[in-house]
Amino acid sequence: MNYRSLREFIDWLEFENELIRIQESVSPVLEIAEITDRVSKQSGGGKALLFENVEGSSMPVLINAFGSKKRMNAALGTRDLEEIAKRIESYLKLPPPVTLLDKAKLLPMLLEASQFPPKLIGGAKAPCQEVIHLKHDVDLNQIPILQCWPSDAGRFITFPIVINRSVDHKVKNVGLYRMQIYDSRTTGMHWHIHKDGAHFFHEYRKQNKVMEVAVAIGADPASCYAASAPLPYGIDEFLLSGFIRKQSVPLVKCKTVSLEVPASAEIVLEGYIDPSEMRLEGPFGDHTGYYSQDGDYPVFHITAITHRKDPIYLTTIVGKPPQEDFYLGRATERIFLPLLRTQLPEIID
């Protein structure tokens, strides 16, 4: 099954007894992360957790949603990740058609491929824009953003789908970059020097131009995964999501920036980065089990927050493995093996 939204995936989690609803009051500062850390280290990754009564916010928190082999496979609409890898391989090894019969045999694959690219829809149909906050109504405090570890610099958005474009607007980038909360309208944007987002940022910096950014939180599971995928430069991550889903990802235009976001997202942050402004970001308890060092990073200024009428905040924690990110990483290992073999054919596995 392929899920059009995070909500459909939650319904599956509940049906399969893969979700625990927690109604007791919990704090987003350290407590949710402590509970999740224990659960994620149980045999097989434990269960997905939906905290329904979070202090300081009316939004429930979903975490560890992809934190098992079964849930990760289901999120990508398959029983075995090797099926996705084999589909990729079938396209990579497609021989050029010679005869008319060869061309006819290609038609089913071409028809399927036509469903992969994302499609723009009207804003009236977009669940992510049911509620719109602009200007002085923008307030990150309404979202139950977690502080995961005691020595973290503060609260961090840890599962954002960050969307931006090159300075000439020809290439789009979608990535997963942590975002430290500075105040109700600004965050850090932690992209490493080798990431496309950082490459674009330096292009804007050279030309002294403001960079528009949009952040989707809680999109359909395939798009959440695709944002983490190591795609070659210039390849649209929503195209990969469409390939995995076998149907296009509906996108909608933002309200205050010239970017498009998944229409089914739970929450969307819109805004800009001024390349001349940097601020100290971190430390942050990281994948290695150690705190990453603080450093200067760009500042994201939020111009709008849009969301569903009853949004669910999707997040994750990282730290000493195994945790949820292990299963996301395993999916990348299996799915991208055929692409790796095109460059290094001596690799068996």
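This text goes with the structure placed above it.
Predicted, not measured: the structure shown is a model, and the values here were computed from it.

Draft legend 1. Quick look at the layout of surface pockets. By volume, the largest pocket amounts to about 800 Å³. Lining the largest pocket are 29 residues, with Leu 176, Tyr 177, Lys 195, Ser 228 and His 287 sitting closest to its centre. Of all the secondary-structure elements, those providing two or more residues to the lining of the largest pocket are β8 (172-175) and α9 (324-335). In terms of residue count, α9 provides more of the lining of the largest pocket than any other element does, four residues in total. In terms of residue class, the lining of the largest pocket is made up of 12 nonpolar, 11 polar and six charged.

Draft legend 2. Structural detail: the sheet that holds strand β1 (residues 19-22). Read from one edge of the open sheet, four strands run β1-β2-β3-β18, paired in mixed fashion. Of all strands in the sheet, those with a lone pairing partner are β1 and β18 (313-314), marking the two edges. Both strand β3 (residues 61-63) and β18 contribute to a ladder of two bridges, which runs parallel. Bridge pairing in β18 links Val 61 to Tyr 313.

Draft legend 3. Summary view of the pairing of strand β14 (residues 267-281). Across seven bridges, strand β11 (residues 211-217) lies against β14 in antiparallel orientation. Paired with Ala 216 across the two strands is Val 268, which belongs to β14.

Draft legend 4. Representation of the packing of aromatic side chains within the structure. This structure, assessed with the given rule, holds 10 aromatic pairs. Each ring, one from Tyr 3 and one from Phe 9, has its centre 5.3 Å from the other, and the planes form 65°; the classification is edge-to-face. Of the residues examined, Phe 9 reaches a relative accessible area of 0% and is grouped as buried. With a centroid separation of 5.2 Å and an interplanar angle of 75°, the aromatic rings of Phe 116 and Phe 243 are classed as edge-to-face. Of this pair, Phe 116 sits in the loop between α5 (100-113) and β4 (119-120) while Phe 243 sits in helix α8 (residues 237-245), and the two are 127 residues apart along the sequence. Phe 116 gets classed as buried once you look at its relative accessible area, which sits at 6%. On the basis of relative accessible area, Phe 243 is assigned to the buried category, the value being 9%. An aromatic cluster is present here, built from Tyr 3, Phe 9, Trp 12, Phe 66 and Phe 159 joined pairwise through their rings. Directly above the ring of Phe 243 sits Arg 87, whose terminal nitrogen or CZ lies 4.0 Å from the centroid.

Draft legend 5. Main features of the pattern of salt bridges. Inspection of every chain in the model, using the stated rule, returns 20 salt bridges. For the salt bridge of Arg 7 with Glu 266, the shortest nitrogen-to-oxygen distance reads 2.7 Å. In this pair, Arg 7 is assigned in helix α1 (residues 6-15) and Glu 266 in the loop between β13 (260-262) and β14, connecting sequence segments 259 residues apart. The pair formed by Arg 7 and Glu 266 is uniform in burial state, with each residue classed as buried. One salt bridge connects Glu 281 with Arg 178, and the closest N-O pair in it is separated by 2.8 Å.

Draft legend 6. Structural view of the sheet that holds β4. Taken in spatial order, the three strands line up as β4-β12-β13 in an open sheet, and their pairing is mixed. Single-partner strands in this sheet number two, and they are β4 and β13.

Draft legend 7. Representation of helix α2 (residues 31-40). Turning to α2, its buried residues are Ile 32, Ala 33, Thr 36, Asp 37, Val 39 and Ser 40. Projected onto a plane normal to the axis of α2, the buried residues spread over an arc of 165° and lie on a single side. Close packing links the buried residues of α2 with β2 (48-51) and β3.

Each value, and the rule that gives it
Residues numbered from 1 in each chain as written. Predicted model: local features only at pLDDT ≥ 70, side-chain atom pairs only at ≥ 80, totals over all residues. Heavy atoms only, no water. 1 Å grid on protein atoms, 1.4 Å probe; cavity = no way out; pocket = protein on both sides within 12 Å on 5 of 7 lines; lining within 4 Å. Points joined across faces, edges and corners; volume = space filled by probe spheres on them. Helix = DSSP H or I, 4+ residues; strand = E, 2+ residues; numbered from the N terminus. Nonpolar A, V, L, I, M, F, W, Y, C, P; charged D, E, K, R; others polar. Pairing = 2+ DSSP bridges. Phe/Tyr/Trp six-rings, centres within 6.5 Å; stacked < 30°, edge-to-face > 60°. Buried < 20%, exposed > 50% of the residue type's maximum accessible area, 1.4 Å probe, protein only. Lys NZ or Arg CZ within 6 Å of the ring centre and 35° of its normal. Salt bridge = Lys/Arg side-chain N within 4 Å of Asp/Glu carboxyl O. Arc of directions from axis to C-beta. Contact = heavy atoms within 4.5 Å.

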